[in-house]
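Letter by letter, the chains look like this.
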Amino acid sequence: MRTIEVDQPEMGGEPDRDVADALRTLADTDLLRLQAIARLRARVLPGVDWADLLQEAVLRCLDGSRAWPVGVPLVAFLAMTMRSVADDHRRRRRREALAGLWAGGAANAALTEADPGPDPERTMQAVQALAAIDRLFASDEIALLIVAGLAEGLSPDEIRTRNGFSQTLYDTARKRMRRALMRHHPTGGEP
Amino acid sequence: MTRHRNLDAALDRLLDRLADDIVAAPEDDVRPALVGPDGKRALRAARDAIGEAVAHGNVAGLGLPPDKRPMSGRDPRARPH
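Reference entry: report on the structure contained in this document. (Residues numbered from 1 in each chain as written. Chains lettered and ligands numbered in written order. Predicted model: local features only at pLDDT ≥ 70, side-chain atom pairs only at ≥ 80, totals over all residues. Heavy atoms only, no water.)

**Digging into the pattern of salt bridges**
Per the counting criterion, the structure on display carries 21 salt bridges over all chains. In this structure, Arg-174 of chain A and Asp-21 of chain B form a salt bridge, with 2.4 Å as the shortest nitrogen-oxygen distance. Placement of Arg-174 of chain A in helix α9 (residues 167-183) and of Asp-21 of chain B in helix α1 (residues 3-24) is noted, with the two residues assigned to different chains. One continuous salt-bridge network, built from bridges that share partners, spans Arg-41, Arg-83, Asp-87 and Arg-90 of chain A together with Asp-12 and Asp-16 of chain B. (Salt bridge = Lys/Arg side-chain N within 4 Å of Asp/Glu carboxyl O. Helix = DSSP H or I, 4+ residues; strand = E, 2+ residues; numbered from the N terminus.)

Below, the structure is given as structure tokens:
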């Protein structure tokens, strides 16, 4: 198991036995959901493997760093935790990159208190990450339009209205997108 | 707002929406991914990844200074590799 470098999360409670028990009894379909989410998020984290991301999330849940809210399904909880791990990792990478350029402790202050201004490298990373997601749906023009709408923060109705999609056309495309995300196996099929 | 922040925000929105979709996907949309050799490999990889994390969760966690992990008092050097 490899190490993902992340920021220190908030301290939580005791190791969560419920999480461990629930993890052991996850359905096959839920295991694949978690893998698909880990793969999706790892696509935009250069140098991070999906398994590392998933494992770090599991560890945070197990050790109490993240408390499992009552009523939240385990898959949703782990999905949120993976997002948090990914965010921490990206923040850390940025801080380290700045720290390499700036002397002393100015980098942290620049990141947290001020707009560091245009950052060509970061812009390029975001462009590449969005392109990587587009490639998942490269052969599906409707899916690409939906992806664009989702990235803009549009609601399903707004996406449908903007593109003239019927409800059926939209729902069918979302189903294709879900299946494409789930089908994206670690061996083979990498776009 | 600078361009990279716009792009970062767009990326975050997109990832969140797609991840939410996967979480909420009907079983009928997930089961086909279990079929065939690729499906079996994917399932085994997911199971192994989680099993490994659960096994290692009994010692120091990943990515954080051992003395700052909530599970203190355990020797991180004991973590299997």
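**Observations concerning the packing of helix α7 (residues 141-152) of chain A against helix α8 (residues 156-163) of chain A**
Residues and elements named next belong to chain A. At their nearest, the axes of α7 and α8 sit 10 Å apart, and the two run at 130° to each other. Overall, the two elements α7 and α8 adopt an arrangement that is oblique. The handedness of the crossing between α7 and α8 is right-handed. Facing α7, whose interface residues are Leu-145, Ile-146, Gly-149, Leu-150 and Glu-152, α8 presents Ile-159, Arg-162 and Asn-163. Counted by class, the contact of α7 with α8 contains 4 nonpolar, 2 polar and 2 charged residues. (Axes fitted to C-alpha atoms, helices over the stretch in contact; angles between N-to-C directions. Parallel < 35°, antiparallel > 145°, perpendicular 65-115°, else oblique. Left-handed = near helix turned anticlockwise from the far one by under 90°. Contact = heavy atoms within 4.5 Å. Nonpolar A, V, L, I, M, F, W, Y, C, P; charged D, E, K, R; others polar.)

**A look at the packing of aromatic side chains**
Residues and elements named next belong to chain A. Within the structure shown, the criterion is met by 1 aromatic pair over all chains. Summarising the aromatic geometry, the rings of Trp-68 and Phe-77 are spaced 6.1 Å apart at their centres and angled 5° between planes, so their arrangement reads as stacked. Relative accessible area serves as the criterion here: at 25%, Trp-68 is assigned to the partly exposed category. You can call Phe-77 buried: its relative accessible area is 1%. (Phe/Tyr/Trp six-rings, centres within 6.5 Å; stacked < 30°, edge-to-face > 60°. Buried < 20%, exposed > 50% of the residue type's maximum accessible area, 1.4 Å probe, protein only.)

**Some remarks on the packing of helix α3 (residues 50-62) of chain A against helix α3 (residues 36-56) of chain B**
Interhelical geometry of α3 of chain A versus α3 of chain B gives an angle of 40° and a closest axis separation of 9 Å. With respect to their mutual orientation, α3 of chain A and α3 of chain B come out oblique. Note on packing geometry: the crossing formed by α3 of chain A with α3 of chain B is right-handed. Of the residues in α3 of chain B, those touching α3 of chain A at Trp-50, Ala-51, Leu-54, Gln-55, Val-58, Leu-59 and Leu-62 of chain A are Ala-45, Ala-46, Ala-49, Ile-50, Glu-52, Ala-53, Val-54 and His-56 of chain B.

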